[in-house]
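Analysis of the macromolecular model
Spelled out, the chains give:
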Amino acid sequence: MGLLGIIVFVIVLVAAVGLFARAVYQRYLILRLGKPEDRFDQIGERVKSVLVYVFGQKKVLDEAYPGLLHVFIFWGFLVLALGELQFFGEGLFPGFVLPLLGHSPVFFLIQNVFAILVLVGVLMACWRRYVVKPDRLDHNPEAAIILSLITGVVLTLFIADGLRAAMHPAGSEMAPVTVFLAGLFIKQGWSQSTLNTLYYAFWWIHALIMFGFLVFIPYSKHMHLIACPFNTFFRSLSPMGKMLQPINFEDEQETLGTQKINDFTWKQLLDLLTCTQCGRCQDNCPAYLSDTPLSSKRFINNLKDHLLECGKEIGSGNTSNSSENESLLEKSLIGSVITEEELWSCKTCGACQYVCPVMIEHVPKNVDLRRYLAMEEASYPSGVDNAIRSLEDRGHPYKGTMASRSSWYRDSWVEDLVKENNKEVLFWVGCTAALDDRNMKIAQAFAELLKRSGVSFGILGEKESCCGDPARRLGNEFLYDCIARENIELLKNYKVKTIVTTCPHCYNTFKNEYPQIDGEFSQKYQVYHHTEYLAQLLKEKKLTVESSFTETITYHDPCYLGRYNEIFDVPREVLQNISGVKPVEMQRTRGRSFCCGGGGGGAWTEEEGVRVNHMRAEQVFESGADVLCTACPFCMTMMNDGIKVKQAGQDKVVKVYDLAEILEIATQKTDI
Ligand code: SF4
Ligand code: SF4
């Protein structure tokens, strides 16, 4: 290439890189709008996350078809990027050979193969987007532009490389596409000069498409190419159960909760910039699937649009004091970017963030916004206000119950720790198991199993109160904080070293959230969910299965046990201990289990239209199971109701049991 060509190339390159860098810098300045947050611990673990989730594409591959097409395009582009050095170098300086890779036939072969994979990936993407048209994908021109640019990059690379090989085949012998195209061009009988002109024409088209792509990236959803490695590096390394950050009420707070975009932390803002709009979250969101106004994908993208609007002029140098910009930053998100109805539709089930391939954390953002509504405006949907008032007045969220916390065990052998402070194992019963008729049976079954195993345990009886989980999920962090501190103080009066509960919400609160308030909590107490405790008793042979169970059982993973604490296998192993059990999985299972609709305050909000528990009940019937086994009192209530409603017209009757109830029956000496 002549000097003029090199100068033009350098000008275009500098312009493209400059525009790219400017846009990326603007987005960096946008992140600085956010509040501080420390995500710089465990650097080794963070680097590993990038290797596994970005380069290894681990989460992306959770879904075979979209995962595979993404891997083809992602890895194809990485390999092509290496080859671009040789491609551009050779065009600019004929005879240029990149050390090691330059004219290596193996590298040319690899490049050819990966370029083909990129095209296969593009075809798969087009099929999915324009023929299958899944609901979760947006139909906007952005995707078409990106797919066209990618196709353009590969095709021009192939053609330019074929023309080059037609003139100088060095190194291309093993590259099938290059050899084929070179042969085709030679057959045309073109002169060296025509081949050379055509080569440079395609070389330039390729360069311009590449530069166009570079500039387009930060302005499109492909911003994730830059943001995703960072978002993955800074991802939460704790279990999902620890994702809510406590508020220190002793510090003076400007606003409680999140009202404006800059009330979020920089990491929460980085989440927004990282969204690829893949829609996986929405596909697994019970709120969206049950036709509420909430879509987890829209939630993130509406916030992102608002953030970009706020940050549009930041960094342009002339509007940092713009009143328009300031007023956007001052804008309350609730009402303008997200409605109250959307916020209260969330079940906090965590399915969205469990499946998100770029590690976006949806639930804390929702709860932070709820905190503002709850603590600054005392605004709750109907039903929830009663639960909060009941929590404040009675220490449990059930307004109408006539039962007391001693109803389920009154006159039985269960020992009240308050009278006999001599036990190290506390069975924390929880509000629902203590006060709801159906759930009392679970408390009774579990207590019976403990007795059968010879475990010396006690309960707190009337001294027990709510663990605080409903208050926290409903945004009333202050109430949660008070309840948690009272419970932590209460427990100090006893010799208790082990806390076991049948409720995943209590479990999660003790295991993950009380230690945020009392740093020594997890050293003082071993916290178990009853499924874990029962598995241990079986292992130690303190419990023995005496009878067989001949029915088909499907296990429903409670969100706060499964996704929040990664306890998926233990309950299934307990069931497998029972001879004759025929396990069957529902289609949505384990990490992708479908919420029962009871979490995040769902047990108290009034659902209109399609109900989440009815949808889950349909999934139970589809599985063909005779028995639905669960391990959560909220799930028990919601699924019992759902199964009753959906039972009509079914050819089999499905029974709903807690795992403790099944084991209580199986450890008796009669076959079922
Ligand atoms: S937590 Fe559950 S209900 Fe809420 S947005 Fe995520 S998937 Fe939807
Ligand atoms: S939040 Fe995550 S899962 Fe949802 S659309 Fe964005 S990238 Fe996809």
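Computed from a prediction, not measured in an experiment: that's the story for all the values here.

1. Some thoughts on the overall build of the chain
Broken down by element type, the chain carries 29 helices and 8 strands. By principal-axis analysis of the C-alpha atoms, the chain measures approximately 105 × 65 × 50 Å. A total of 672 residues make up the chain; the buried ones form 58% of that total. Long-range pairs, those at least 24 residues apart, make up 80% of the contacts in the chain with a sequence separation of at least 6. Here the chain displays about 28300 Å² of accessible surface, and carbon together with sulfur accounts for 57% of that area.

2. A short note on helix 8 (residues 224–233)
An α-helical turn contains 3.6 residues, so a residue and the one three or four places further along point in the same direction. With 7 of its 10 residues buried, helix 8 lies for the most part within the structure. Along helix 8, the residues that are buried comprise His224, Ile226, Ala227, Cys228, Asn231, Thr232 and Phe233. Contact partners of the buried residues in helix 8: helix 1 (3–31), helix 2 (43–55), helix 3 (64–92) and helix 9 (266–274).

3. Details of the domain arrangement of the chain
Here the chain is described as being made up of domain 1 (1–36 + 260–379), domain 2 (58–219), domain 3 (391–539) and domain 4 (552–666). Of note, the centres of domain 2 and domain 4, computed from C-alpha atoms alone, are 49 Å apart.

4. Topic: the sheet that holds strand 4 (residues 526–529)
Ordered by their spatial adjacency, 4 strands build an open sheet running 2-1-3-4, and the pairing between neighbours is parallel. Two strands close off the open sheet at either side, each with one partner strand: strand 2 (457–458) and strand 4. When strand 1 (residues 425–428) meets strand 2, the two strands line up parallel, connected through 2 bridges. Across the sheet, Leu426 pairs through a bridge with Gly458, a residue of strand 2. Each of strand 1, strand 3 (498–501) and strand 4 is contacted by helix 25 (residues 530–539), which is oriented at about 95 degrees to strand 4, the strand it contacts most.

5. Quick word on the site of ligand 2
As a matter of local geometry, ligand 2 sits amid 13 residues, with Cys275, Cys278, Gly279, Cys281 and Cys356 nearest to it. Taken together, the residues of the shell around ligand 2 break down into 7 nonpolar, 4 polar and 2 charged.

6. Examining the nonpolar core
A general trend in soluble globular proteins is that nonpolar side chains are found buried together. Among the nonpolar cores identified, the biggest contains 134 residues, and Ile261, Trp408, Phe427, Phe457, Ile499, Phe510 and Phe521 are the most heavily contacted of them. In contact with Phe510, other than residues within four places in its own chain, are Trp428, Cys467, Ile499, Pro515, Phe521 and Val527. With 46 residues, the next largest nonpolar core counts Met1, Phe158, Phe185 and Leu195 among its residues.

7. A closer look at the packing of helix 25 against helix 26 (residues 569–576)
Following both chains from N to C, one finds helix 25 and helix 26 inclined at 45 degrees, their axes separated by 9 Å at the closest point. For the element pair helix 25 / helix 26, the angle class is oblique. Once helix 25 is placed against helix 26, the crossing between them reads as left-handed. Residues Thr531, Glu532, Ala535 and Leu538 of helix 25 pack against Val570, Pro571 and Val574 of helix 26.

8. Describing the site of ligand 1
The full set close to ligand 1 counts 13 residues, and Cys285, Cys346, Cys349, Gly350 and Cys352 are the nearest of them. Under a 2 Å grid-point criterion requiring more than half of the atoms, the pocket assigned to ligand 1 is the second largest cavity. Looking at the shell around ligand 1, the elements that each hand over two or more residues are helix 11 (286–289) and helix 16 (351–355). Split into classes, the residues belonging to the shell around ligand 1 amount to 9 nonpolar, 3 polar and 1 charged.

9. Regarding the sheet that holds strand 8 (residues 655–658)
To summarise the sheet geometry, strands pair through backbone hydrogen bonds and adopt either a parallel or an antiparallel arrangement. If you trace the 4 strands from one edge of the open sheet to the other, you get 6-5-7-8, paired in parallel fashion. What marks the edges here is a single partner per strand, and that holds for strand 6 (582–583) and strand 8. The sheet contact formed by strand 7 (residues 627–630) and strand 8 spans 4 bridges and is parallel. Pairing of Val627 across the sheet is with Lys655, part of strand 8.

10. Things to note about the side chain of Arg371
By secondary structure assignment, the location of Arg371 is in helix 17 (residues 363–376). Polar contacts involving the side chain of Arg371 include one to the main-chain carbonyl oxygen of Gln245, which spans 2.9 Å. The residues touching Arg371, leaving out its near neighbours within four places in the chain, are Leu244, Gln245, Ile247, Leu256, Gly257, Glu376, Arg472, Gly475 and Glu477.

11. Quick notes on the layout of surface pockets
The computed volume of the largest pocket comes to approximately 1400 Å³. Ile73, Phe74, His222, His224 and Leu225 are the residues nearest the centre of the largest pocket, which is lined by 49 residues in total. Elements represented by at least two residues in the lining of the largest pocket include exactly helix 2, helix 3, helix 4 (105–132), helix 5 (141–167), helix 7 (192–216) and helix 8. For the lining of the largest pocket, the leading source of residues is helix 3, giving 14 residues. Mapped onto the domain boundaries, the lining of the largest pocket takes at least three residues apiece from domain 1 (1–36 + 260–379) and domain 2 (58–219). Taken as a whole, the second largest pocket encloses approximately 960 Å³ of empty space.

12. Description of the pairing of strand 5 (residues 552–555)
By the alternation rule, side chains of strand 5 split into Thr552 and Thr554 and Ile553 and Tyr555, which are all buried. Relative to strand 6, strand 5 runs parallel, the two sharing 2 bridges. Paired with Ile553 across the two strands is Pro583, which belongs to strand 6. At this point the chain moves from strand 5, through helix 26, to the parallel strand 6, and the crossover so formed is right-handed. By the bridge criterion, 3 bridges tie strand 5 to strand 7 in an arrangement that is parallel. Across the sheet, Ile553 pairs through a bridge with Val627, a residue of strand 7.

13. A short note on a nonpolar patch on the surface
The grouping of Phe40, Ile43, Val47, Leu51, Phe55, Trp75 and Leu78 at the surface amounts to a nonpolar patch, some 620 Å² of accessible area in total. Only helix 2 and helix 3 provide two or more residues apiece to the nonpolar patch. Tallying contributions element by element places helix 2 first for the nonpolar patch, with 4 residues. Positionally, Leu51 belongs in helix 2.

14. As for the pattern of salt bridges
If you walk through the whole model with that rule in mind, you get 36 salt bridges. Of the charged contacts, one joins Lys35 and Asp263 as a salt bridge, the two residues approaching to 4.0 Å between their closest N and O atoms. On the criterion of sequence distance, the pair formed by Lys35 in the loop between helix 1 and helix 2 and Asp263 in the loop between helix 8 and helix 9 is long-range, its members being 228 residues apart. Under the relative-accessibility criterion, Lys35 is labelled partly exposed at 36%. One salt bridge connects Lys297 with Asp138, and the closest N-O pair in it is separated by 3.1 Å.

Criteria and cut-off values
- Residues numbered from 1 in each chain as written.
- Chains lettered and ligands numbered in written order.
- Predicted model: local features only at pLDDT ≥ 70, side-chain atom pairs only at ≥ 80, totals over all residues.
- Heavy atoms only, no water.
- Helix = DSSP H or I, 4+ residues; strand = E, 2+ residues; numbered from the N terminus.
- Buried < 20%, exposed > 50% of the residue type's maximum accessible area, 1.4 Å probe, protein only.
- Contact = heavy atoms within 4.5 Å.
- Areas by Shrake-Rupley, 256 points an atom, 1.4 Å probe, with all protein chains shown as cover.
- Domains from an automatic or database assignment.
- Pairing = 2+ DSSP bridges.
- Axes fitted to C-alpha atoms, helices over the stretch in contact; angles between N-to-C directions.
- Near = heavy atom within 4 Å.
- Nonpolar A, V, L, I, M, F, W, Y, C, P; charged D, E, K, R; others polar.
- Core = buried A, V, L, I, M, F, W, Y, C linked by side-chain atoms within 4.5 Å.
- Parallel < 35°, antiparallel > 145°, perpendicular 65-115°, else oblique.
- Left-handed = near helix turned anticlockwise from the far one by under 90°.
- 1 Å grid on protein atoms, 1.4 Å probe; cavity = no way out; pocket = protein on both sides within 12 Å on 5 of 7 lines; lining within 4 Å.
- Sits in = over half its atoms within 2 Å of the grid points.
- Polar contact = N/O pair within 3.5 Å; in protein donor to acceptor, adjacent residues only side chain to side chain.
- Points joined across faces, edges and corners; volume = space filled by probe spheres on them.
- Right-handed = clockwise from strand over helix to strand, strands pointing away.
- Patch = residues over 30% accessible without salt bridge, like charges linked within 9 Å, V, L, I, M, F, W, Y side chains within 5 Å.
- Salt bridge = Lys/Arg side-chain N within 4 Å of Asp/Glu carboxyl O.

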